[in-house]
Amino acid sequence: MTSKQAMSSNEQERLLCYNGEVLVFQLSNGKFADKEPTKTPILHVRRMVFDRGTKVFVQKSTGFFTMKEENSDLKIMCCDYVSDFRTGINLPYIVIQNSKKNNVFEYFLLILHSTNKFEMRLSFELGYEIKDDLRVLNGPLILWRHVKTFLFISSQTSKIISVLGNLSSIQWAGEIENLGMVLLGLKECYLSEEECTQEPSKSDYAIWNTKFCVYCLESQEVISDTYIIPPAYSSVVTCIHICTAEIINNQLRISLTALTRKNQLISFQNGTPKSVCQLPFGDPCAVQLMDSGGGNLFFIVSFRSNNACAVRKDNFQVAAKWEKVSLVLIDDFIGSGTEQVLLLFKDALNSDYLTSFKITDLRNINYSSEPSDCNEDDIFEDEQDNRYLVVPPLESGLKVGFSSLRELQQHLLLKEKIISKSYKALINLVQGKDDNTSSAKEECLVPFCGEEENSVRILDEKLSDSFQDSEQVVEKIWYRVMDDSLIVGVKTTSSLKLSLKDATLSLLMDQAHGSGFRLLKCQNRVIKLSTRPFPAPYLMPCETGLEAKRVKLTPDSKKEESFVCEHPSKKECVQIITAITSLSPLLAFNKFCCTVLLQIMEKESANCPKNHYVVCGRVVLSLEDLSTGKYLLTFPKKKPTEHMEDLFALLAAFHKSCFQITSPGYALNSMKLWLLEHMKCEVIKEFPEVYFCKRPGNFYGTLFTWKQRTPFEGILKVCSRNQTVMFQCLHNLIRILPINYSLKNLKSGSENFLINNMAFNLEKELGTLSSLSSAIANHESNFVQRCELSKGKSSVIVDTLSDRREEIHPCRKKLQREKKKMLQTNLKAKPRYSFM
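Each chain carries its own residue numbering, running from 1 in the direction its sequence is written. The model is predicted, so local features are restricted to residues of pLDDT at least 70 and side-chain atom pairs to those at 80 or more, both for listing and for counting; the totals for chains, interfaces and linings are taken over all residues. Computation of side-chain values covers all heavy atoms of the structure but excludes hydrogens and water.

Enquirer: What should I look at first to understand the sheet that holds strand β37 (residues 655–662) in this one?
Expert: Paired through backbone hydrogen bonds, the strands of a sheet run either parallel or antiparallel to each other. The 6 strands lie next to each other as β38-β39-β40-β41-β37-β42, forming an open sheet whose pairing is antiparallel. Looking at which strands have only one partner, the edges of the open sheet turn out to be β38 (681–683) and β42 (742–746). Averaged over all adjacent pairs, the angle separating strand axes in this sheet is 25°, with direction ignored. Here the rule is simple: two strands pair whenever DSSP picks up at least two bridges between them. Secondary structure counts use DSSP, requiring at least four H or I residues in a row for a helix and at least two E residues in a row for a strand, with both numbered from the N terminus. Of the strand pairs in this sheet, β38 and strand β39 (residues 691–693) are connected by 3 bridges, and their pairing is antiparallel. Axes here refer to lines fitted to C-alpha atoms; in helices the fit is confined to the stretch in contact. Angles between the N-to-C directions go from 0 to 180 degrees.

Enquirer: Can you help me understand the pattern of salt bridges in this one?
Expert: Proximity of charged atoms lets side chains of opposite charge pair with each other. Salt bridge, as used here, is a side-chain nitrogen of Lys or Arg placed within 4 Å of a carboxyl oxygen of Asp or Glu. The final tally for this structure, using the stated rule, is 18 salt bridges. Salt-bridge contacts for Glu 119 lead to Arg 86; the nearest nitrogen and oxygen are separated by 3.0 Å. Taken together, the residues span a long stretch of sequence, with Glu 119 in strand β8 (residues 118–126) and Arg 86 in the loop between β5 (73–83) and β6 (90–99) at a distance of 33 residues. Owing to a relative accessible area of 22%, Glu 119 belongs among the partly exposed residues under this scheme. Linking Glu 125 and Lys 100 is a salt bridge whose minimum nitrogen-to-oxygen distance equals 3.0 Å. Taken together, the residues Glu 125 in strand β8 and Lys 100 in the loop between β6 and β7 (105–112) connect sequence positions 25 residues apart. The exposure class assigned to Lys 100 is partly exposed, which follows from its relative accessible area of 37%. Salt bridges here are not isolated pairs; linked through shared partners, they connect Asp 84, Arg 86, Glu 119 and Arg 121. Exposed residues in this analysis have more than 50% of their type's maximum accessible area, buried residues have under 20%, and partly exposed residues fall in between, with area computed by a 1.4 Å probe over protein chains only.

Enquirer: Is there a simple way to explain the nonpolar core in this structure?
Expert: Here the nonpolar core consists of buried residues drawn from Ala, Val, Leu, Ile, Met, Phe, Trp, Tyr and Cys, with membership extended through side-chain atoms lying within 4.5 Å. Counting residues in hydrophobic clusters, the biggest one holds 37 residues, and the most contacted among them are Phe 25, Leu 43, Ile 94 and Phe 118. Per-element tally for this core: the top contributor is β7, with 7 residues. Whether two residues are in contact is decided by their heavy atoms, any of which lying within 4.5 Å being enough. Ignoring sequence-local partners within four residues, the contact set of Ile 94 consists of Phe 25, Leu 43, Ile 76, Cys 78, Cys 79, Phe 108, Leu 109, Leu 110 and Phe 118.

Enquirer: Honestly, the environment of Arg 721 in this entry has me stumped. Any pointers?
Expert: Positionally, Arg 721 belongs in the loop between β41 (713–720) and α10 (723–733). On the accessibility criterion, Arg 721 (44% relative accessible area) is partly exposed. With 71 residues separating them along the chain, Arg 721 and Leu 650 place their C-alpha atoms 8.4 Å apart.

Enquirer: Please clarify how the packing of aromatic side chains should be interpreted in this entry.
Expert: The relative placement of two aromatic rings is captured by the distance of their centres and the angle of their planes. Put simply, two rings from Phe, Tyr or Trp (the six-membered ring, in Trp's case) pair if the centres are within 6.5 Å, and we call them stacked under 30 degrees between planes, edge-to-face over 60, tilted for the rest. Taken as a whole and judged by the stated rule, the model has 17 aromatic pairs. Judged by centre distance (5.9 Å) and plane angle (85°), the rings of Phe 50 and Phe 357 are edge-to-face. Here Phe 357 lies in strand β27 (residues 357–360) and Phe 50 lies in strand β3 (residues 42–51), a separation of 307 residues in the sequence. On the basis of relative accessibility, which here comes to 9%, the residue Phe 50 falls in the buried class. Each member of the aromatic cluster is reached from another via a ring pair, and the members are Phe 50, Phe 57, Phe 357 and Tyr 367. The rule for a charge over a ring is simple: NZ of Lys or CZ of Arg within 6 Å of the ring centre, and within 35 degrees of the ring normal. The ring of Tyr 227 carries Arg 253 above its face, with NZ or CZ at 4.0 Å from the centroid.

Enquirer: I tried to follow the sheet that holds β7 on my own but got confused; where do I start?
Expert: If you walk across this open sheet you meet the 4 strands as β5-β6-β7-β8, and the pairing is antiparallel. Here the strands that pair on one side only, and so sit at the sheet edges, are β5 and β8. Strand-to-strand twist of the sheet, defined as the mean angle between neighbouring strand axes without regard to direction, takes the value 20°.

Enquirer: Whenever I open this one, the pairing of β3 confuses me. Can you help?
Expert: Looking down a regular strand, the side chains alternate between one sheet face and the other. Burial runs high along β3: 8 of the 10 residues are buried. Bridge analysis of strand β2 (residues 21–28) against β3 gives 7 bridges, and the strand direction is antiparallel. Across the sheet, Phe 25 pairs through a bridge with Val 45, a residue of β3. Between β3 and strand β4 (residues 56–66), which pair antiparallel and follow one another directly, the connecting turn spans 4 residues, one of which, Lys 55, has a positive phi of 60°.

In structure tokens:
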């Protein structure tokens, strides 16, 4: 690197991997090749990323930090990344030592942010030099050893605290969940007088005088000294890597891997050795874990002899070894989603670390700085490498997806099993059969509300009360086949008032070999039709007060008949509840049978609804029935419709639309003519409000209802096979509508809102007109009295009076006509239920 070569040799350099980047820290005395030397030391940082195209590390960004200490002896102690307690984010750090006069040493901990800005996070002075066992933990927290005592200082307290655990050495320090910051090391054990009666040998003393323990920095006490490493290994273990740690039954359980002086890598599980690997080199000093994806885990071991090797975690066999390695880093350097190991080799011709390297995941990814000839084989290998970069993330995503899919399938199977058994129990209960569910199966069911076992008998009693006799609720059950749908309908008694929110019709298909019921997915609909003819609302006058209103039409005492009427009695109504399900899945069976179950919810209070269940009957259908057309819809073209069940099936399955038609200037008297003449509609005798279209073509079978509220406004409902037929009907309709008509599509539920809003506005207008009429009448009466008193005084006044009376009378007549018209417009009978 040119920037490296521009620096003088009086510098220090450390490397660190962080988020796939390589951070190069360089501490120099400020002496550059092209400038005069300065007295102020400067800390530089370079962010290097690997370019897969050129297969070299390129510089991404740089930063620097100017030290305030002039003419100082600075030294980099260590660098890594830790979590900052303020944000919980892992950030790179570097520790620098400054040697002062009189054996005073100052230490700085600098944190590097993503903007390449350094922050002085911690600083302190000591009267001695830290020579070994310097560690930086999350916080950040600096831990070191002086003589036989371990001390630490935190950025939160800025006070130096001694470790009271009597530890002789620390092999591992870090954070464990639910325990906080802990130290794992050797603790000296003192033998009792009885144990000291016999003088032990040096080897026995080395083994039994030390013991591994876990020390908590927060509570400053030993929390465990068992299930870690047997005492026989305490004198040979040099380095530890914690794999997992958890508390079971108030006891710490640890899985770890340790390096020994015997050049071994040993795996311990809760204090018991599990696997041993003899390492290819001597004097191991560090071990790291690498996850190369696909469940391939490797322990990367570094040696003081500048060598390294990789050991597979699954079989503890050496997978690879390298010599003349100056540094080993593990991260995702190429952005594949898995980890690779970066090996930096010593190069006698170039002092830059990143000029001689190797990147590998010990599987398919291999990059090296060694030059090679470019040929077809190399191009093929590059394509293979690119493929290997894409395949592992896809494999991981597929595994996660399959795992989620299996969990979802298990959840759905359990849900279906519970629903099936619940319905089977309900059906057996209403039919008076014994439930043959075994006790072993019942034990697997968990009560949803946390009730105890003795509540099952009470629940059965409540369920028996919740069931009703079908003869009290259901008059008739029928079913029809239309296209790819099976339509099942239940006609209820007139005394039962239901809505779609209160009633649910379910179809339970019998399973083979009596294994229970299968709940079919259905779409419910409630149909209500009136059996009496319904006159136009604007032809039905209605009483607007406690007594009949009488309106004066002339100035004299003659009065017209009052608009007196009684509220219409409640119309007889036919109520049908339908369930529509897909027929295709059922055709796989030669013959299938379904139980029809009606659930009715009654709200006894706001928060305590009560459910009633009614077994309506059974539906039996076979392929032979479908072939003969037994349950298909039939509408004879020349004969009137006979089977009302066919009409109900159309109302349940067809597409429904509702339109408000308004004509301000002309009456809508041509609507019935359009229905009967143009559309060839037949009025259903049993339900006079329904028009059945028998016009040939796509229009055949379309259903209409027309409610004329006023001579100028009405509601048209269209029940068609699809929206295309609906648009064809509208296109045919607009040909006969008057000029300046208005056609508005009403959504479900908006009709009642429109009625209420119109009635409220008309009521306000009538109130305003009534008050205005009273004021005019009072003014006229007072004026007449004053004129009669002054009648004999002046003939001019009499003439004036007659003129003013002639002016008032036209206004009064006009006002009364408007009042009468508005009154008739507001008169509207109670709306009936429809199929919409």
